[in-house]
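So you can see what is in the structure, the chains are spelled out below.
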Amino acid sequence: MKLFKQTILILVIFLKTGNLLSDNNLFNVNNIILEKTENVSNNQLANKAIKKAFNQLLNKVLLEKDISKISNLSFSNVKNLVMHYNISKNSEIERSELSFNVAFDKDKIHDLLYKNEISYSYITDKEFYILPILIRKNNIYIFSNNYFYENWDIINKNDLIEFILPAENIEIIQNVNQSRNNLLNLKLSSLFREHMNKNAAIVLIEKNEDNKNKVFLKAKIQNKIISKSVNIKSNDKNEIAVMNKIIFEVKDNLINLVKSQNLIDIRTPSFLNVKLALNKNSNLVILNTRVRNIDLIENIFVQDFNKDYVNLKIKYLGKLEKIIFQLSKEKISLKLIND
C-alpha cells in the first residue's frame, strides 16, 4: 500500500507537469514605462510595450552578431512569443505613465532560436570586478585624476552586469607601478585578491590628443583569460563626450565577452542521471519545487523507483559545471558515484 501511494505521488509530481516551466525570469522583461495619452488605448500601448520588451530581451540574451538575425521579426510573430503581460501604475512614476511586465514563453523562444541556429547567453554571475587605468603622455592615473575610474558607474548603466570598482588602496598602486613598463603583464589576481573566483578585468585606456584612443582589455571570465584591443575614434571636440563614449564602448565590449563565455546551445542538450533517496515523503515535492527555479533544466524523467529511492534523468542545457552550480544555489547537493 505504501509503494502504491508512492507511485501515485511520483506520477502526480513528475508526469503530470510535462515540460518544466521554470519560474526563472530570464525571459521576462519588466518595468517597460510608456506614457498613456487619451488617443491611445491600453491595447495599443501594450503592443508598443511588447515590441520594446522583445528588443530588450534580444539585447539581454544574444550576442551582437546574432541580434540582427531575428530583430526584424514581424510583430504578429513577436506577439505569439508572449506568454502573458500585466500593466500596473507605479506610485513612483507620473500618473500618465504605465508600467508593463512582459513574460515570453521559454519553449517558443527556444524554438525560434533553434530554427535560426542561435545560441543564447545565460549569465548567472552578474558581478564583474574592474579597474580602468588612464594613460596620458606616459603618465599613469589609477585612482586620482582618472575620469574613467570616477565616472565608470555613471555612464551606460545596465541590469545585465554589475561592474564593481576596487576601493583605492596602496597595494594596487604598488602593483601597477611595478609593472608600469608592461601593464599587460599585470596579474589580475594581484589586483583582485579578495575576488579570485570572480569575473574581473583591467582596462588600459591610452588617451591621445588626436582622439585616436587605444583601449587594451585583459579579462578573466569563467576562469578563462581573454585579451582584446579596441580602437575608439571620435571627432567630438568635447573631451568629456569622448571619454563617455569610451566608457560606453568598453562596457559594451565587456558585456559581449561575458555573453560569449556563457552561451547555451539549444541544439545540444545534456542529461544527468541522479538517484534521489526517499527518506522523507516530502523529498519529491521539495525537489520539484526547487528545480522549477532553474531555467536550464528542460525536463525530468522517472527511470525507475522503489520504496527507498527514485532514479531520475535530468535533461538540461549548458555545461555540467553550470547546472551543478545552479542546483547548489537551490540547496540541492550532488554526490558523484563511479562517474
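Here the structure is a predicted model, which is why all the values come from computation and not from measurement.

J.: For empty space enclosed by the protein, give the residues involved together with the corresponding values.
T.: Counted by the stated rule, this structure contains one cavity of 30 Å³ or more. In terms of lining, the largest cavity is formed by Phe54, Leu57, Leu58, Val61, Ile70, Ile109, Leu112 and Leu113. Those elements that provide at least two residues to the lining of the largest cavity are helix H2 (42-61) and helix H5 (106-115). When residues of the lining of the largest cavity are assigned to their parent elements, the largest contribution, four residues, is made by H2. Split into classes, the residues belonging to the lining of the largest cavity amount to eight nonpolar, no polar and no charged.

J.: Break down the sheet that holds strand E2 (residues 82-88) for me, with residues and values.
T.: Taken in spatial order, the three strands of this open sheet run E1-E3-E2, and their pairing is antiparallel. Across the chains shown, the open sheet's two edge strands, defined by having one partner strand only, are strand E1 (28-35) and E2. Each strand of the sheet is rotated relative to its neighbour by a mean of 20°, with strand direction disregarded. Note that E1 and strand E3 (residues 97-104) share six bridges and pair antiparallel. In the strand pairing of E3, Val29 is matched with Val102. Sitting on the sheet, H2 is in contact with E1, E2 and E3, with an inclination near 135° to E1.

J.: How would you summarise the nonpolar core if you had to cite specific residues and measurements?
T.: In terms of nonpolar packing, the biggest core is built from 51 residues, with Leu62, Phe100, Phe104, Leu113, Tyr120 and Ile297 touching the most fellow members. When residues of this core are assigned to their parent elements, the largest contribution, nine residues, is made by H2. Not counting residues up to four positions away in its chain, the partners in contact with Leu62 are Ile67, Ile70, Leu113, Ile118, Ser119, Tyr120 and Lys259. The next biggest cluster of nonpolar side chains, apart from the first, holds 49 residues, and it includes Ile140, Phe163, Ile247 and Leu254.

J.: Just give me the short version of helix H11 (residues 320-329), but keep the residues and values in it.
T.: Within H11 the residues assigned to the buried category are Lys322, Ile323, Gln326 and Leu327. Along the axis of H11, the buried residues cluster in a sector spanning 135°; they form a single face. The elements touched by buried residues of H11 are strand E11 (263-264), strand E12 (270-277), helix H10 (283-291), strand E13 (297-305) and strand E14 (309-316).

J.: Summarise the packing of aromatic side chains; cite the residues concerned and give the values.
T.: Considering all chains together, one arrives at six aromatic pairs under this definition. Plain terms: the ring middles of Phe128 and Phe163 are 5.6 Å apart, the flat faces sit at 55° to each other, and that makes the pair tilted. With Phe128 in strand E5 (residues 127-136) and Phe163 in strand E7 (residues 162-164), this pair connects stretches of sequence that are 35 residues apart. A relative accessible area of 1% means that Phe128 is categorised as buried.

J.: Go over the pairing of strand E8 (residues 199-206) with me, naming the residues and quoting the values.
T.: Across the eight residues that make up E8, a large majority, seven, are buried. One ladder, built from eight bridges, connects E5 with E8; its direction is parallel. By the bridge assignment for E8, Leu134 is matched with Ile205.

J.: Talk me through the pattern of salt bridges; I want residue IDs and the actual numbers.
T.: A side chain of one charge can pair with a side chain of the opposite charge if their charged atoms are brought near each other. Under the defined criterion, the tally for this structure stands at ten salt bridges. With its nearest N and O atoms 3.5 Å apart, the salt bridge here joins Asp125 to Lys198. You can see Asp125 sitting in the loop between strand E4 (120-121) and E5 and its partner Lys198 sitting in the loop between helix H8 (188-191) and E8, a full 73 residues away along the chain. Note that Arg193 and Glu171 form a salt bridge whose closest N and O atoms lie 2.6 Å from each other.

J.: So, unusual backbone geometry: which residues are in play, and what are the values?
T.: Here the phi dihedral of Asn145 falls at roughly 60°; this positive angle occurs in a residue that is not glycine. Among the structural elements, Asn145 can be located in the loop between strand E6 (139-141) and helix H6 (147-151). A positive phi angle is found at Gln222, which is not glycine, with a value near 55°. Looking at where Gln222 falls in the secondary structure, it is placed in the loop between strand E9 (212-221) and strand E10 (224-233).

J.: Can you explain the confidence of the model for the chain? Please cite residues and give values.
T.: This prediction gives the chain a mean pLDDT of 85; 90% of its residues lie at or above 70. The low-confidence segment residues 15-24, where pLDDT is below 50, has 29 contacts with residues more than four positions distant or belonging to other chains.

J.: Describe helix H7 (residues 170-178), listing the residues and the values that go with them.
T.: Burial in H7 covers these residues: Ile172, Asn175 and Val176. Seen along its axis, H7 keeps its buried residues to an arc of 95°; they face one direction. Across from the buried face of H7, at angles greater than 90 degrees, the exposed residues are Ile170 and Gln178. Of the surrounding elements, those touching the buried residues of H7 are E5, E6 and H8.

J.: Which residues make up the sheet that holds E14, and what are the values?
T.: What the three strands build is an open sheet, ordered E12-E14-E13; its pairing is antiparallel. For this open sheet the edge positions go to E12 and E13, each flanked by a neighbour on one side alone. If you compare each strand with its neighbour and ignore which way they point, the axes differ by 25° on average. Across seven bridges, E13 lies against E14 in antiparallel orientation. Looking at the pairing, Ile300 lines up with Ile314 of E14.

Calculation rules
Per chain, residues are indexed from 1 in the order of the written sequence. Local features are withheld for residues below a pLDDT of 70 in this predicted model, meaning they are given only at 70 or higher, and side-chain atom pairs are given and counted only at 80 or more; totals for whole chains, interfaces and linings count all residues. Each side-chain value is derived from all of the structure's non-hydrogen atoms; neither hydrogens nor water enter the calculation. A cavity, in this analysis, means grid points on a 1 Å lattice covering only the protein atoms where a 1.4 Å probe fits yet has no way out; a pocket is instead an open set bounded by protein on both sides within 12 Å along at least five of seven lines, and a residue lines either one if it has an atom within 4 Å of a point. Grid points are joined across faces, edges and corners, and a volume is the space filled by probe spheres set on the points. Numbering of helices and strands starts at the N terminus; helices are DSSP runs of H or I of at least 4 residues and strands are runs of E of at least 2. Ten residues, namely Ala, Val, Leu, Ile, Met, Phe, Trp, Tyr, Cys and Pro, are considered nonpolar, four, namely Asp, Glu, Lys and Arg, are considered charged, and the remaining ones, Gly among them, are considered polar. Any two strands with at least two DSSP-identified bridges between them are counted as paired. Inter-axis angles, ranging from 0 to 180 degrees, are taken between N-to-C directions of lines fitted to C-alpha atoms, where helices are fitted over the stretch in contact. Here, two residues are considered to be in contact whenever any of their heavy atoms come within 4.5 Å of each other. For this analysis, a nonpolar core means a set of buried residues of the types Ala, Val, Leu, Ile, Met, Phe, Trp, Tyr and Cys, connected via side-chain atoms within 4.5 Å. Type-normalised accessible area, obtained with a 1.4 Å probe on protein chains alone, sets the label of each residue: buried when under 20%, exposed when over 50%, and partly exposed for intermediate values. Directions drawn from the helix axis to the C-beta atoms are what define this arc. What counts as a ring pair is set by centres within 6.5 Å for rings of Phe, Tyr and Trp (its six-membered ring), and what kind of pair is set by the plane angle: stacked under 30 degrees, edge-to-face over 60, tilted for all other angles. Between Lys or Arg on one side and Asp or Glu on the other, a salt bridge is scored when a side-chain nitrogen of the former is within 4 Å of a carboxyl oxygen of the latter. One confidence number per residue, pLDDT, is output by the predictor and ranges from 0 to 100.

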